[in-house]
Amino acid sequence: MDPDVDLVWDFFKHIFPEFSVKHAQIYKLLWRLEPLSGEQIEKDTGISKATVYKVLHELILLGLVNKTNFKPVGYYAAEPLKVYNSHAKKLAAKLEYGKEKLESLLKNSSGLSGELYLVKKDGGQQRLILKNTRADAGTEQLIEIKKAVEKQIEERQKLKEWAVYR
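Residues numbered from 1 in each chain as written. Predicted model: local features only at pLDDT ≥ 70, side-chain atom pairs only at ≥ 80, totals over all residues. Heavy atoms only, no water.

## Structural notes on the overall build of the chain
Point 1. A tally of regular secondary structure across the chain gives six helices and four strands.
Point 2. Tracing the chain from N to C terminus, the helices and strands come up as α-α-α-α-β-β-α-β-β-α.
Point 3. When the 166 residues of the chain are sorted by exposure, 21% land in the buried category.
Point 4. When contacts within the chain are restricted to residue pairs at least 6 apart in sequence, long-range pairs at least 24 apart make up 34% of them.
Point 5. Accessible surface for the chain amounts to roughly 12500 Å². Of this, 57% is attributable to carbon and sulfur atoms. (Helix = DSSP H or I, 4+ residues; strand = E, 2+ residues; numbered from the N terminus. Buried < 20%, exposed > 50% of the residue type's maximum accessible area, 1.4 Å probe, protein only. Contact = heavy atoms within 4.5 Å. Areas by Shrake-Rupley, 256 points an atom, 1.4 Å probe, with all protein chains shown as cover.)

In structure tokens form, the structure reads like this:
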């Protein structure tokens, strides 16, 4: 296999999940000045006629390949670097948007709040973990827990004293 085709496939498969080695092979072949016919692509790649036309149709739909408006119909790659950059930017924006949405979803999820849980491990060991990060509770969290427990004990003591004086 041509190492350049491998590189094209390696870079484009992340932007277009349906991009196969055959897509890369045909697409790289079309990086020429003159358009190529389907028959010429079939001859140069050794890929069957049906597969060539299927892949060409998919590449056209992805915006990577254009075809001529005259007979015989020819196919050519439309500014590969510009098209790659455009699609890469769209994908980066989509990934960033997805990251923001997931962060928002996690923050608002009742199942992944900042609650602490006591987890028992094998051998009877126990540890406190933060549910949202699955990390051990640190010193700061333990101090906060201690203060909250002391406050609750103090409030209960006051209630008992109040009940005794009544």
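## Description of the side chain of His-23
Point 1. Mapped onto the secondary structure, His-23 falls in helix H2 (residues 21–29).
Point 2. One polar contact links His-23 to Glu-58, side chain to side chain, over a distance of 2.6 Å.
Point 3. Not counting the four nearest positions on each side in its chain, His-23 is found in contact with Glu-18, Val-55, Glu-58 and Leu-59. (Polar contact = N/O pair within 3.5 Å; in protein donor to acceptor, adjacent residues only side chain to side chain.)

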